[in-house]
Amino acid sequence: MVAKTFKGLEEVLRDELISLGALNVEIGRRMVSFEGDLEMMYKANLCCRTALRILKPVIKFTAKDPDELYDEVRDYDWEQFLGVDSTFAIDSTVNSSEFTHSKFVTYRVKDGIADHFNDKYGRRPSIRLTGADLMLNVHIFEDRVTISLDSSGEPLSKRGYRTDATKAPLNEVMAAGIIMKTGWRGDTNFVDPMCGSGTFLIEAALIAANINPGIYRDSFAFERWPDFDRDLFERLYNDDSAERDFNYKIYGGDIDPEAIAISRANIRRARVEDMIELVCKPFQEWEEAPQPGILVSNPPYGERLKPDDIEALYKGIGTELKQVFKGYHAWLLGYNDANFAHIGLKPSVKFPMLNGSLECELREYVLFDGSYSDFRSNGGSVRDDDFEHGERLKGRHISDKEWRDETRRFGKGKGAGKPGPRRFRDEDREPGKRDRKPPREQKSRNHDRNDNRKPRFDGDRKPRRERERESDRPQRSYRDKTGVYRVIDNGPSLPAESEIRITGAKMRSRRSFKENMRRRAEEREKGEKSED
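Residues numbered from 1 in each chain as written. Predicted model: local features only at pLDDT ≥ 70, side-chain atom pairs only at ≥ 80, totals over all residues. Heavy atoms only, no water.

Enquirer: With reference to specific residues and values, describe the confidence of the model for the protein chain.
Expert: A low pLDDT means the predicted coordinates there should not be read in detail. Scored by pLDDT, the protein chain comes out at a mean of 79, with 72% of its residues at no less than 70. With pLDDT under 50 throughout, residues 413-429 is counted as low confidence; its partners more than four residues away or in other chains account for 54 contacts. Overall, residues 484-513 carries pLDDT values under 50, and its contacts beyond four positions in sequence, including any with other chains, amount to 52 contacts. (pLDDT = per-residue confidence, 0-100. Contact = heavy atoms within 4.5 Å.)

Enquirer: Break down helix H4 (residues 102-121) for me, with residues and values.
Expert: With 20 residues, H4 ought to run about 28 Å at 1.5 Å a step, and its terminal C-alpha atoms sit 29 Å apart, in line with that. Positive phi shows up at Gly122, right after H4, with a value of about 75 degrees. (Helix = DSSP H or I, 4+ residues; strand = E, 2+ residues; numbered from the N terminus. Expected span 1.5 Å × (residues − 1).)

Enquirer: Explain the sheet that holds strand E8 (residues 144-150) to me, using residue names and the numbers behind them.
Expert: Spatially, eight strands are ordered E2-E3-E1-E4-E8-E7-E5-E6 in an open sheet, and the strand pairing comes out mixed. Strand pairing shows two members of the sheet lacking a second neighbour, strand E2 (23-28) and strand E6 (126-127), which therefore form its edges. The sheet contact formed by strand E5 (residues 87-95) and E6 spans two bridges and is parallel. Each residue of the ladder has a partner; that of Thr87, found in E6, is Ser126. (Pairing = 2+ DSSP bridges.)

Enquirer: Describe the packing of helix H2 (residues 38-47) against helix H7 (residues 230-237), naming the residues involved and giving the relevant values.
Expert: Running from N to C, H2 and H7 cross one another at 40 degrees; their axes reach a closest spacing of 10 Å. Taken together, the axis directions place H2 and H7 in an arrangement best described as oblique. Between H2 and H7 the crossing geometry is right-handed. On the side of H2, the interface is formed by Leu38, Glu39, Tyr42, Lys43 and Leu46, while H7 contributes Leu232, Phe233, Arg235, Leu236 and Tyr237. (Axes fitted to C-alpha atoms, helices over the stretch in contact; angles between N-to-C directions. Parallel < 35°, antiparallel > 145°, perpendicular 65-115°, else oblique. Left-handed = near helix turned anticlockwise from the far one by under 90°.)

Enquirer: Describe helix H3 (residues 66-75), naming the residues involved and giving the relevant values.
Expert: Most of H3 sits out of view: seven of its ten residues are buried. By the burial criterion, the buried members of H3 are Pro66, Leu69, Tyr70, Glu72, Val73, Arg74 and Asp75. Sitting at the head of H3, Asp65 places a side-chain oxygen 3.1 Å from the backbone nitrogen of Asp67. (Buried < 20%, exposed > 50% of the residue type's maximum accessible area, 1.4 Å probe, protein only. Polar contact = N/O pair within 3.5 Å; in protein donor to acceptor, adjacent residues only side chain to side chain.)

Enquirer: Describe in detail the packing of helix H1 (residues 10-20) against helix H5 (residues 172-182), supporting the description with residues and values.
Expert: Between H1 and H5, the least distance of the axes is 10 Å, while the angle of their chain directions is 85 degrees. Judged on the interaxial angle alone, H5 and H1 are roughly perpendicular. Mapping the contact onto sequence places Glu11, Val12 and Glu16 in H1 and Gly177, Met180 and Lys181 in H5. Here the residues of the contact of H1 with H5 sort into two nonpolar, one polar and three charged. (Nonpolar A, V, L, I, M, F, W, Y, C, P; charged D, E, K, R; others polar.)

Enquirer: Summarise the environment of Gly334; cite the residues concerned and give the values.
Expert: With respect to the helices and strands, the residue Gly334 is situated in strand E13 (residues 329-334). Of the residues examined, Gly334 reaches a relative accessible area of 1% and is grouped as buried. Here the alpha-carbon distance between Gly334 and Met353, two residues 19 residues apart in the chain, equals 9.5 Å.

Enquirer: If you had to explain the pattern of salt bridges to someone new, which residues and values would you point to?
Expert: As enumerated under the stated definition, the model contains 17 salt bridges in all. Between Asp67 and Arg108 there is a salt bridge whose closest N-O contact spans 3.1 Å. Highlighted residues: Asp67 in helix H3 and Arg108 in helix H4, separated in sequence by 41 residues. Owing to a relative accessible area of 23%, Asp67 belongs among the partly exposed residues under this scheme. A residue is classified by how much of its surface remains accessible, and Arg108, at 5% relative accessible area, is buried. Across the pair Arg123 and Asp85 runs a salt bridge, and its minimum N-O distance is 2.4 Å. Remark: Asp85 occurs in the loop between H3 and E5 and Arg123 occurs in the loop between H4 and E6; sequence separation between them is 38 residues. Note on Arg123: relative accessible area 24%, which makes it partly exposed. What emerges from the salt-bridge pattern is a single network uniting Asp67, Arg108, Lys110 and Asp111. (Salt bridge = Lys/Arg side-chain N within 4 Å of Asp/Glu carboxyl O.)

Have a look at this one:
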């Protein structure tokens, strides 16, 4: 499996997975690979604070161009995950000279899956952008393709407790990762004097009490999988044996009354209000710091939030740290070196992090009483030798042999190498080309969708109405892996008792024709039974 994360948090996520019992854990760029069973996958989604998604690779192969990608996807045994009445969504990440547009990759994979079902059943699962039964992740590096099941659904950063937010809120995974990078685990007081919507405060409370961040979510994508083990998941979800008492306090403040109101509401939703105290006042008015303690904050950068005087703000931060927060380790996430320079303190740690699209730095300031020379003469040091910077990650390009071994290990699903009969294919189709619909006379569509449907699996999903597919081609063909065209005359046939008259008008699509015949046969059977 693969756990995705932000740049700079790979080591933290690795340690989390190891503590949960994951095997063969390896760090990559913005990801950590690991091995484990179904329970491990559920635990990773429930417990990991620094994971964005948990992916389960199901197929790996090599594709030189979009047509080969399409053919490989079309031949896969998707029935083990999808049915014709299911819905699916696709997210693609591409780093390749052959595949230059992620949306085009998404379309080709969608076409392959849809035509796989159309060929076998004359029907296909539908695309659904939100709340789909199955979410697929496609990753392409050069010509190497990995398709994974997304077990998380919405990003794991969407915990579920933050429904309101101030402008430019900090991502929950980023906030938890920064706190864990500092080494704080609830052994002192925690202060964020510029708390905004309270993300640092809530994540600190969850870490201090060791509360699983996933308990607030309404659902995970794996709950809609055919092999979902409800009893196992409920046991893990309700297990609070690892939670602990927090013997200190978390303090938050902000100059904006609206931010304090939003923060208070989010804290209440997370049910951690007994651990957190809030105050509405500017940072410069803090006159006392609770001891012992640590300060972690994300002051405005001057990019999205623009204070009247950014220079005065950072100078005030430096003054307040030196005069009030003596004995603290202060951690600030910032964007601009010039802003940091106004603080007037020497950082002990400068760690690069990516906050959205902004290349930021996390800096630590060791605060002491008196002059720096006196602090050094008494054995003090601003260096933080315990901080884990992590190795500089370089992309590891596995050898062709290793990749071939990987593709053989994943195979092509159940029944690979034994494709079912192909139907409704054009005998003149070139390899990798899908059957195209003729132009529609009108573009209006009647989707008949229930978008208010709850995303949680309830076992009684209703089939979706299929759109009509128009075609007047009498035969279709299938080109197998050997390059031989196999023509299958498998079109619809009229029952002997049918009195349908074919006129010179435009023929109905084959799918709609067969549906009408099936419906009429059912009506006749009902009529015969009623006469009996």
